[in-house]
Amino acid sequence: MASHAPHHHHGHGAGHTLLIALAVTLGYALVEFGGGMIFGSLALMSDAGHMFTDSLALGLAAFAAWVAARPAGDRHSYGFARAEVVAAFVNGLAMLLIVVLIVVEAVARLLEPQPVAGLGVMVVGFCGLLVNLGVVFLIGRGERNLNTRAALVHVIGDLIGSVAATTAGAVIYFTGWQPIDALLSVVIALLILASTVRLSRDALHVLMEGVPAGVRLEEVGQALNQIEGVRAVHDLHVWNISSGQVALSAHVDLEDLGNWPALLESARRMLQVRFRIVHVTLQPELAGGINPGYRARVKIVPHREEHRHEEGK
């Protein structure tokens, strides 16, 4: 039987925030790209390219937030909440491409240096820094999930890019050392890479239905097994439906099936309070059946151990 705690989707609010961030980011990306072309700065153009990609990422995130808010149907019984995780993963792949492009162009600039107007780069970079700080604040104060986290990673990358561009402009203006522009572009790329790898790994873990971070399968099984009337727990699975929505399914061997309604409510309440698992599906079974030694051989294990009941025979 399944028990579901109520879900409250805030996709529309998150989508509205992401759309505002999209408009601001795209608008200043055009300004930065123009500044990079005029002043000859790779750091500015790299950051502008990054912001263009972020605009796409924010648009995708806003669309995913809208899709995730749609109700479940006959063809999608869990609804569309996982669309946010898919969007986060796609955004991560896009960022990896941007990192490669920045590094390739930076190497080319180091091999063939080009003049950069330091003062113009410094001014445009500083204005970009202020814009990105505003967008980070806007997204950061809203709902947190993998989708908005992905968008935030993109914008923080822009923020770092603006700091690097401002620094490059200042160094060139005050010292005349031109290679700093390309070198700081590589620093931007490496910082973005670290965040992107973590984000992509987390999103892929959800898509592969791995056990959620902070949840130990054995601990959950032992907690269920300690409920009065439960003899054993097996075929236990815990996974994320989406970021922040954890589901569980298991077979529960009971001493008396007549106590099942009360036991189900007790298990549901314990799982929600202790592990924040809100979607619970438990299948009750009478312990022992025709085999009096059944309990001793049952383990708290995932489904992959298909022959667990055959041990000792």
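### Digging into the overall build of the chain
Right, on to step 1. For the chain, the helix and strand inventory stands at nine helices and four strands.
Right, on to step 2. The secondary structure elements of the chain, listed N-terminal to C-terminal, are β-α-α-α-α-α-α-α-β-β-α-β-α.
Right, on to step 3. For the chain, the residues scored as buried account for 48% of the 313 residues in total.

### A few points about helix 3 (residues 83-111)
Right, on to step 1. Between its first and last C-alpha, helix 3 extends 43 Å over 29 residues, near the 42 Å set by a 1.5 Å rise per residue.
Right, on to step 2. All of the buried residues along helix 3 are Glu84, Val85, Ala87, Ala88, Asn91, Gly92, Met95, Ile98, Val99, Ile102, Ala106 and Arg109.

### Quick look at the pattern of salt bridges
Right, on to step 1. In total, this model carries six salt bridges according to the counting rule given.
Right, on to step 2. For Glu105, the salt bridge identified is with Arg109, shortest N-O distance 3.5 Å. Of this pair, Glu105 and Arg109 both sit in helix 3, four residues apart, which is roughly one turn of the helix.
Right, on to step 3. Residues Arg274 and Glu219 are paired through a salt bridge, measuring 3.6 Å at the closest nitrogen-oxygen approach.

### Describing the packing of aromatic side chains
Right, on to step 1. Inspection of the entire model under this criterion finds one aromatic pair.
Right, on to step 2. Ring centres of Tyr173 and Phe174 lie 5.0 Å apart, and the angle between their planes is 80 degrees; this geometry places the pair in the edge-to-face category.
Right, on to step 3. With a relative accessible area of 46%, Tyr173 lands in the partly exposed category.

### Focus: the environment of Trp177
Right, on to step 1. Checked against the element boundaries, Trp177 lands in the loop between helix 5 (146-175) and helix 6 (180-207).
Right, on to step 2. Owing to a relative accessible area of 44%, Trp177 belongs among the partly exposed residues under this scheme.
Right, on to step 3. Counting along the chain gives 62 residues from Trp177 to Pro115, while the straight-line C-alpha distance between them is 9.9 Å.
Right, on to step 4. Apart from residues no more than four positions distant in its own chain, Trp177 is found in contact with Val171, Ile172 and Leu183.

### Examining the pairing of strand 4 (residues 279-286)
Right, on to step 1. Alignment of strand 3 (residues 245-254) against strand 4, held across eight bridges, turns out to be parallel. By the bridge assignment, Ala247 is partnered in strand 4 with His279.
Right, on to step 2. Regarding the hand of the β-α-β motif, the stretch spanning strand 3, helix 8 (residues 260-275) and strand 4 is right-handed.

### Topic: the confidence of the model for the chain
Right, on to step 1. Mean pLDDT over the chain: 78, with 80% of residues reaching 70 or higher.
Right, on to step 2. Per-element confidence in the chain ranges from a low mean pLDDT of 38 for helix 9 (residues 294-297) to a high of 92 for helix 8.

### Some thoughts on a nonpolar patch on the surface
Right, on to step 1. On the surface, Leu26, Leu30, Phe33, Met37 and Phe52 cluster together into a nonpolar patch covering about 460 Å² of accessible area.
Right, on to step 2. Residue contributions to the nonpolar patch peak at four residues, all from helix 1 (residues 11-39).
Right, on to step 3. Examined against the element boundaries, Phe33 turns out to sit in helix 1.

### A few points about the pairing of strand 3
Right, on to step 1. The element strand 3 is largely enclosed, with a buried count of 10 among its 10 residues.
Right, on to step 2. Covered by surrounding structure in strand 3 are Gln245, Ala247, Ser249, His251 and Asp253 together with Val246, Leu248, Ala250, Val252 and Leu254, the residues of both alternating faces.

### Side note on helix 7 (residues 217-225)
Right, on to step 1. Among the residues of helix 7, those classed as buried are Val220, Gly221, Ala223 and Leu224. Here the buried residues of helix 7 occupy an arc of 160 degrees about the axis, which is enough to place them on one side.
Right, on to step 2. Contacts made by the buried residues of helix 7 are with strand 2 (230-242), strand 3 and helix 8.

### Some thoughts on the nonpolar core
Right, on to step 1. Residues Leu224, Val238, Leu248, Leu271, Ile277 and Leu282 are the most contacted members of the largest nonpolar core, which totals 24 residues.
Right, on to step 2. Elements represented by at least two residues in this core include exactly helix 7, strand 2, strand 3, helix 8 and strand 4.
Right, on to step 3. At seven residues, the largest contribution of residues to this core is made by helix 8.
Right, on to step 4. Apart from residues lying up to four places away in sequence, Val238 is in contact with Glu209, Gly210, Val211, Pro212, Val215, Leu217, Val220, Val246, Ala247, Leu248 and Ile277.
Right, on to step 5. The next biggest cluster of nonpolar side chains, apart from the first, holds 21 residues, and it includes Ile172, Ile180, Leu184 and Ile192.

Conventions we followed
- Within any chain, residue numbers begin from 1 and follow the written order of that chain's sequence.
- Per-residue local features of the predicted model are confined to residues with pLDDT of at least 70, and side-chain atom pairs are confined, for both listing and counting, to 80 or more; whole-chain, interface and lining totals are unaffected and use all residues.
- The side-chain numbers reported here are obtained from all heavy atoms of the structure, hydrogens and water having been left aside.
- Secondary structure elements are defined from DSSP: runs of H or I of at least 4 residues count as helices, runs of E of at least 2 residues count as strands, and each element is numbered from the N terminus.
- In this scheme, a residue with accessible area under 20% of its type's maximum is buried, one over 50% is exposed, and one in between is partly exposed, where area comes from a 1.4 Å probe on protein chains only.
- A helix is expected to span 1.5 Å for every residue after the first.
- We define a salt bridge as a side-chain nitrogen of Lys or Arg found within 4 Å of a carboxyl oxygen belonging to Asp or Glu.
- Stacked, tilted and edge-to-face pairs are distinguished by plane angle, under 30 degrees for stacked and over 60 for edge-to-face with tilted covering the rest, among Phe, Tyr and Trp rings (Trp via its six-membered ring) whose centres lie within 6.5 Å.
- We call two residues in contact when some of their heavy atoms are within 4.5 Å.
- Strands are labelled as partners when DSSP assigns at least two bridges between them.
- Handedness of a crossover is defined as follows: with both strands directed away from the viewer, a clockwise route from the first strand across the helix to the second makes it right-handed.
- Within a predicted model, pLDDT stands for the predictor's per-residue confidence, ranging from 0 to 100.
- The patch calculation keeps residues exceeding 30% relative accessible area without a salt bridge and links them within 9 Å when they carry like charges or within 5 Å when they are nonpolar (Val, Leu, Ile, Met, Phe, Trp, Tyr).
- With residues, only the protein chains shown are counted as cover, and all accessible areas are computed by Shrake-Rupley using a 1.4 Å probe.
- By arc we mean the arc of the directions from the helix axis to the C-beta atoms, nothing more.
- Definition of nonpolar core: a set of buried residues of the types Ala, Val, Leu, Ile, Met, Phe, Trp, Tyr and Cys, connected through side-chain atoms within 4.5 Å.

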